[in-house]
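Chains, contacts and geometry: an overview
So the chains spell out like this:
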Amino acid sequence: MSSQTLASASVAEVTQRIQQRQAKVGIIGLGYVGLPLALLYSEQKVSVTGFDIDERKISTLRQGRSYIYRIEPSEIKRAREQGFDATSDYARIKEMDAIIICVPTPLNEYHEPDLSYITNTAASIAPHLRAGQLVVLESTTYPGTTEEVMIPILEKGNTTGLKAARGESADGSGFYVAFSPEREDPGNTSVARRDIPKVVGGLNPAAAELTAALYSTIFNRVVRVSSPAAAEMTKLLENIYRCVNIALVNELKMLSLRMGLDIWEVIAAASTKPFGFHPFYPGPGLGGHCIPVDPFYLSWKAKEWDFKTRFIELAGNTNMPYFVIESVAKALNQHKKAMNGSKVLILGVAYKKDIDDLRESPALTIIELLQKEGAQVSYNDPYFPVIGKGRKYDLQMQCASLDNLDQYDCVLIVTDHSDYDYRKIVKESKLVVDTRNATHGIQDAKIVRC
Ligand SMILES: NC(=O)c1ccc[n+]([C@@H]2O[C@H](COP(=O)([O-])OP(=O)(O)OC[C@H]3O[C@@H](n4cnc5c(N)ncnc54)[C@H](O)[C@@H]3O)[C@@H](O)[C@H]2O)c1
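Conventions adopted
Residues numbered from 1 in each chain as written. Predicted model: local features only at pLDDT ≥ 70, side-chain atom pairs only at ≥ 80, totals over all residues. Heavy atoms only, no water. Helix = DSSP H or I, 4+ residues; strand = E, 2+ residues; numbered from the N terminus. Rg over C-alpha atoms; globule rule 2.2 N^0.38 Å. Buried < 20%, exposed > 50% of the residue type's maximum accessible area, 1.4 Å probe, protein only. Pairing = 2+ DSSP bridges. Axes fitted to C-alpha atoms, helices over the stretch in contact; angles between N-to-C directions. Contact = heavy atoms within 4.5 Å. Near = heavy atom within 4 Å. Polar contact = N/O pair within 3.5 Å; in protein donor to acceptor, adjacent residues only side chain to side chain. Areas by Shrake-Rupley, 256 points an atom, 1.4 Å probe, with all protein chains shown as cover. Nonpolar A, V, L, I, M, F, W, Y, C, P; charged D, E, K, R; others polar. Phe/Tyr/Trp six-rings, centres within 6.5 Å; stacked < 30°, edge-to-face > 60°. Core = buried A, V, L, I, M, F, W, Y, C linked by side-chain atoms within 4.5 Å. Patch = residues over 30% accessible without salt bridge, like charges linked within 9 Å, V, L, I, M, F, W, Y side chains within 5 Å. Salt bridge = Lys/Arg side-chain N within 4 Å of Asp/Glu carboxyl O. Right-handed = clockwise from strand over helix to strand, strands pointing away. pLDDT = per-residue confidence, 0-100.

What follows concerns the overall build of the protein chain. Across its full length, the protein chain carries 14 helices and 15 strands. Here the protein chain has a C-alpha radius of gyration of 24 Å; the compact-globule value for 450 residues is 22 Å, and the two agree. Dimensions of the protein chain, computed from C-alpha atoms along their principal axes, come out at roughly 80 × 50 × 40 Å. Out of the 450 residues in the protein chain, the part that is buried amounts to 52%.

Take a look at the structure:
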C-alpha cells in the first residue's frame, strides 16, 4: 500500500503497515532526543527521515558524521545505508506516515514557557499535512499544549480544512494526534533505551492505537494513558519528583556538613531499605535541560487555575552554586589565600557526568560567580575543548590541561566524569574542593567535601 492510499485506510490497516515496517517516519528536531530516536527506527529497518532547521546538522549527517559525542559516526553511516536522510525541507512532510516532534522547550527570560519551537514547527508542518497522518509531540511541556496550542495551528494552517481525529473517528479522513514524553537519561548505560516504557496519550482511541503501534517497533513496552494532557503531566510529575528530591537532599547535605555527618554515608545506608526510599544525590546545583526547566512549565500553567505550586518554587530556587562559592572561599581561607586573585581550576563543566551537554550546567554559574569574586578561573572537561557562547553565558574559555595541577590554588570538582583519575588529581593538587563525592575513599587533608 502506498502513502497515497493511506487516507482511505482504516486504523487497523495503517497499524499493520507500521508493524510490517512499511510506514515512513519523520522525526523533527535532530538533537539529543530526536537523533537517537531516528537511529532506533533505522536499526529496526523503518524508513526514517530527520527534519531540522540547522543546516550544519543536516550536512554533518549527510556526510555520515555525528555532532553528538556518544553517537559514533559509524552509527550514522549505518543508518544512511539503511536509507536514513536528513533535510530542512518541510515539503517532504507529506511523504511521511508518522511525524514525531522533538524540538526544544526552554524557559524565556521571564522564566515562562517558551513554546515558540513547537508553534514554529506546527506552522511549518501544517501546509503539508494530509489525511491519515499521525503527529506525535515528544517535547516536554505543560498539560494542554498538544490540544490547546499545537492542534489549532495544525488545523488552521493546512490548506484542505483537515481536522484532528476526535471521538470515535478512525476512517482516516482527518489526522491523528498524540503526546508521548521522552524519558531518556543521557549517560545512563544501565537501562537500554528500548527497555524504558513509552507513555502514550492519544487524542482519540484511533490515535492511541496508531501511536502504540509506532512505538512498539522500537520500545518493548508502551503504557497508554487516557489523553495527551495525562501524558504531558506524567513527564512533569517524573521531573518534579526528581527536582524536589534533589533540593531536599542538597538541604540535608548542608545541614550534615554543619553537624559533621557524611550525607553520602547516610544515603548509602538509607538505600539499603528495600521499600519506600529512592536515593537522590547532592551536587553543585540543578542542571540540564530538564530538571531546572520543566517544573516551571507546570507552575506557570497552574496560575491559570489560581494554584500556587509551592514545592516547585521552593525546590527550583536553588542556591547551591552560591554555597559552592562560599565553600571554596572558606577552603582558600584555611590555606591563607583570598578568593580575589586566586587560581581556580574547575573539573567538569557538563551538567552531569560522562555527557557532552552544557545546558543549564551549574558549572557555568559557578565560573561566573568565581570570576565576579576576582578568581582567575580555568576549566578542564574532556567533552568540551572550548566553552563559547550559550543562551545565558559568553565565557569564551579553552579547556586547560591537567598538567601542573599545583599551579592552581584550588581544584574544584563540579562534574565527576568517570575518566578522571581522582587519586592522581588529589596527589598533584594543593587543595581540592569536591562537590560530588568523586574523591570518595581517598583520605587526604587537602580534600574539602561540600
Ligand atoms: N535531552 C534530553 O535528555 C531530554 C530528555 C527528556 C526530554 N527532553 C525534551 O525533548 C525535547 C528536545 O530536547 P533536546 O535535548 O533533543 O533538544 P536539542 O536542542 O538537543 O534539539 C532540538 C533540535 O530541534 C531543532 N529545531 C528547533 N526548531 C526547529 C524547527 N522549527 N524545525 C525543525 N527543527 C527544529 C534544533 O535545531 C535542534 O537540533 C525538549 O522538550 C526536552 O525538554 C530532552
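Having put the structure on the table, let's press on.
Strand pairing in a sheet is mediated by backbone hydrogen bonds. Such pairs are either parallel or antiparallel. An order of β10-β9-β13-β14-β15 is seen for the five strands of this open sheet, with the pairing classed as parallel. At either end of the open sheet lies a strand with only one pairing partner, and these are β10 (376-380) and β15 (447-449). Neighbour to neighbour, the strand axes of the sheet diverge by 20° on average, direction disregarded. Of the strands in this sheet, β13 (410-413), β14 (432-434) and β15 are in contact with helix α12 (residues 320-334), which crosses β13 at around 150°.

Our focus in this paragraph is the site of the ligand. The local shell around the ligand holds 26 residues, among which D52, K57, Y90, T105 and R359 are the closest. A distance of 2.7 Å separates a nitrogen atom of the ligand from a polar atom in the side chain of Y90. One of the side-chain N or O atoms of H289 is found 3.0 Å from an oxygen atom in the ligand. Protein contact buries 93% of the 830 Å² of open area that the ligand shows by itself. When grouped by side-chain class, the residues that make up the shell around the ligand number twelve nonpolar, seven polar and seven charged.

Our next topic: the packing of aromatic side chains. One pair of aromatic rings is described through two measures. These are the centre distance and the angle between the planes. This structure, assessed with the given rule, holds eight aromatic pairs. An angle of 35° between the planes, with centres 6.4 Å apart, marks the rings of Y142 and Y297 as tilted. Here Y142 is found in the loop between β5 (134-137) and α6 (145-157), whereas its partner Y297 is found in helix α10 (residues 294-304), with 155 residues between them in sequence. According to the relative accessible area criterion, Y142 is buried, its value standing at 5%.

Our next topic: helix α13 (residues 362-372). Those residues of α13 not exposed but buried are P362, A363, L364, I366, I367, L369 and L370. Taken together, the buried residues of α13 touch α12, β9 (343-347), β10, β11 (386-389), β12 (394-398) and β13. Once α13 ends, the next one or two residues include G374, with phi positive near 90°.

Here we come to the nonpolar core. I27, L37, Y41, I100, Y176 and L214 are the most contacted members of the largest nonpolar core, which has 40 residues in total. Non-local contacts of L37, meaning those with residues more than four positions away in its chain, are made with I27, I100, C102, E138, R193, I218 and F219.

The grouping of L248, L252, L255, M259 and L261 at the surface amounts to a nonpolar patch, some 470 Å² of accessible area in total. Residue placement: L261 occurs in the loop between α8 (228-259) and α9 (263-270). Its relative accessible area of 46% is what places L261 among the partly exposed residues.

Next up on the list: the pairing of β5. In the case of a regular strand, side chains alternate between the two sheet surfaces. Both faces of β5 are covered, namely the face carrying L134 and V136 and the face carrying V135 and L137. Alignment of strand β4 (residues 98-101) against β5, held across four bridges, turns out to be parallel. When the bridges of β5 are listed, I100 appears paired with V136. As a crossover connection, the stretch from β4 through helix α5 (residues 116-125) into β5 is right-handed. For β5 and strand β6 (residues 176-179), the ladder comprises four bridges, and the chain directions are parallel. Paired with V135 across the strands is V177, a residue of β6. In this view, the connection linking β5 to its parallel neighbour β6 by way of α6 has right-handed handedness.

The next point concerns unusual backbone geometry. Even without glycine at this site, K45 takes up a positive phi of about 65°. Mapped onto the secondary structure, K45 falls in the loop between α2 (34-43) and β2 (47-51). In this structure K45 comes out as exposed when scored by relative accessible area, which is 52%. Phi angles above zero are rare outside glycine, and D306 is one such case at about 60°. Following the sequence through the fold, D306 ends up in the loop between α10 and α11 (310-316).

Across the sheet, eight strands lie side by side as β3-β2-β1-β4-β5-β6-β7-β8; this open sheet has mixed pairing. Every interior strand has two partners, whereas the edge strands, β3 (85-87) and β8 (222-225), have only one. Neighbour-to-neighbour, the strand axes of the sheet open up by a mean angle of 25°, direction not taken into account. Where strand β7 (residues 198-202) and β8 come together, four bridges link them in parallel fashion. The residue bridging V200 from the neighbouring strand is R224, located in β8. Contacts between α2 and the sheet are confined to β1 (24-28), β2 and β4, with β1 contributing the most and set at about 165° to the helix. Contacts from α8 reach β6, β7 and β8 within the one sheet, and its direction differs from that of β7 by about 150°.

Another aspect to go through is the pattern of salt bridges. Following the criterion strictly, the structure yields 20 salt bridges and no others. The salt bridge involving E238 is made with R183; its shortest N-O contact spans 2.5 Å. A residue pair is termed long-range when its members are at least 10 positions apart, and E238 in helix α8 and R183 in the loop between β6 and β7 qualify at 55 residues. By relative accessible area, E238 is classed as partly exposed at 24%.

We now examine the confidence of the model for the protein chain. On average, residues of the protein chain carry a pLDDT of 94, and 98% of them reach 70 or more. Low pLDDT, under 50, characterises residues 1-8; the predicted model gives this stretch 17 contacts beyond four residues in sequence or across chains.

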